[in-house]
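Coordinate inspection notes
Residue strings, one per chain:
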Amino acid sequence: GQNIDQPTEMTATEGAIVQINCTYQTSGFNGLFWYQQHAGEAPTFLSYNVLDGLEEKGRFSSFLSRSKGYSYLLLKELQMKDSASYLCAVRVVYKLSFGAGTTVTVRA
Amino acid sequence: GAGVSQSPSNKVTEKGKDVELRCDPISGHTALYWYRQSLGQGLEFLIYFQGNSAPDKSGLPSDRFSAERTGGSVSTLTIQRTQQEDSAVYLCASSSHSSPSSYEQYFGPGTRLTVT
């Protein structure tokens, strides 16, 4: 089976930085996705890591270490609109297995 | 272009009734997925369609659940004899799978199913 763990909740202040960790144990690995999901809405794509290292995209960065089964999503210069659930998902061939999601609350 | 659409957006049904949920994927996307998201849970894979290949039904939780995809486009997820534990948001996603970098899945807004 697939096991993907991420913290349930995190709280941070507007303008701050938050790092959401994701650890995984899966039968195979072809890549790791991060999705953002606002309450009552569809998940939207944030990043995709296939190789080890850091991928930076504006205020969001994602890191992957395949040997450690570990990824993190870094959110910088937090804004109120970043309050959402962040989903880590591991791709094995065509399937995505999702973690339960991390709810980030940004406070003024 | 239009994104993935799903209907209905909300469905309330009585226990024991059958329901049909519809998904219209992005035009040209050959891959289509159904997921279930229960409160506080991650997305649970249900079924996968790719072109004309046999679907991967390994995630369907019971034989009360079935899905079909007609003409390689629209898909319908059917739940027979609904139970209260079927209450969840059902999400559909499509993907082009045209290259290794295009496995990103585009999600629809979901159907919130409530079984009373």
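So, here is what we can say about the structure in this document. (Residues numbered from 1 in each chain as written. Chains lettered and ligands numbered in written order. Predicted model: local features only at pLDDT ≥ 70, side-chain atom pairs only at ≥ 80, totals over all residues. Heavy atoms only, no water.)

So, the overall build of chain A
Along its length, chain A carries zero helices and eleven strands. In terms of overall size, chain A behaves like a compact globule, its C-alpha atoms giving a radius of gyration of 13 Å where 108 residues would be expected to give roughly 13 Å. Projected onto the principal axes, the alpha-carbon positions of chain A cover approximately 40 × 30 × 20 Å. Sequence separation of 24 or more characterises 54% of the internal contacts of chain A that already satisfy a separation of 6 or more. (Helix = DSSP H or I, 4+ residues; strand = E, 2+ residues; numbered from the N terminus. Rg over C-alpha atoms; globule rule 2.2 N^0.38 Å. Contact = heavy atoms within 4.5 Å.)

Some details on the state of the cysteines
All names here are of chain B. Going through the model one piece at a time under the given rule, you end up with two disulfides over all chains. There is a disulfide in this structure between C23 and C92, and the S-S distance comes to 1.8 Å. Given an S-S torsion of about -60°, the disulfide between C23 and C92 has left-handed geometry. One end of the pair, C23, is in strand β3 (residues 19-24); the other, C92, is in strand β8 (residues 88-95), and 69 residues separate them in sequence. On the accessibility criterion, C23 (0% relative accessible area) is buried. (Disulfide = S-S within 2.5 Å. Buried < 20%, exposed > 50% of the residue type's maximum accessible area, 1.4 Å probe, protein only.)

What to know about the sheet that holds strand β8 (residues 70-75) of chain A
All names here are of chain A. One open sheet holds the five strands; their spatial order is β1-β3-β8-β7-β6, and the pairing between them is antiparallel. Only two strands of the sheet have a single neighbouring strand rather than two, namely β1 (3-5) and β6 (53-57). Ignoring which end each strand starts from, the neighbouring axes of this sheet average 15° apart. Pairing of strand β7 (residues 60-65) with β8, which is carried by six bridges, proceeds in the antiparallel orientation. By the bridge assignment, S65 is partnered in β8 with Y70. (Pairing = 2+ DSSP bridges. Axes fitted to C-alpha atoms, helices over the stretch in contact; angles between N-to-C directions.)

So, the side chain of A:Q6
Residues and elements named next belong to chain A. Mapped onto the fold, Q6 is located in the loop between β1 and β2 (9-13). Judged by its relative accessible area of 13%, Q6 is buried. Of the polar contacts made by the side chain of Q6, one reaches the backbone nitrogen of C88; its length is 3.0 Å. Reaching out from Q6, the side chain makes a polar contact with the side chain of T102 at a distance of 3.0 Å. Sequence-distant contacts of Q6, that is, excluding residues within four places in its chain, are made with I20, N21, C22, W34, Y86, L87, C88, G99, A100, G101 and T102. (Polar contact = N/O pair within 3.5 Å; in protein donor to acceptor, adjacent residues only side chain to side chain.)

So, the nonpolar core
With 21 residues, the main nonpolar core has A:I20, A:L32, A:W34, A:L73, A:L75 and A:Y86 as its most contacted residues. At the level of elements, β3 (18-25), β4 (31-37), β7, β8, β9 (84-92) and β11 (102-107) of chain A are the ones that each hand at least two residues to this core. The greatest single-element share of this core, amounting to five residues, is contributed by β9(A). Excluding its chain neighbours within four sequence positions, the residues that come into contact with A:I20 are A:Q6, A:P7, A:M10, A:W34, A:S71, A:Y72, A:L73, A:L75, A:Y86, A:T102 and A:V104. Among the nonpolar cores identified, the runner-up in size contains 20 residues, and B:V4, B:V19, B:Y90 and B:V115 belong to it. (Core = buried A, V, L, I, M, F, W, Y, C linked by side-chain atoms within 4.5 Å.)

Notes on the sheet that holds strand β6 (residues 65-69) of chain B
Residues and elements named next belong to chain B. Read across the open sheet, the four strands follow the order β1-β3-β7-β6; overall the sheet is antiparallel. Every other strand in the sheet has two partners, leaving β1 (5-7) and β6 as the edge strands with one partner each. Averaged over all neighbouring strand pairs, the angle between strand axes comes to 15°, with direction disregarded. As paired strands, β1 and β3 are joined by three bridges and run antiparallel to one another. Paired with S5 across the strands is D24, a residue of β3.

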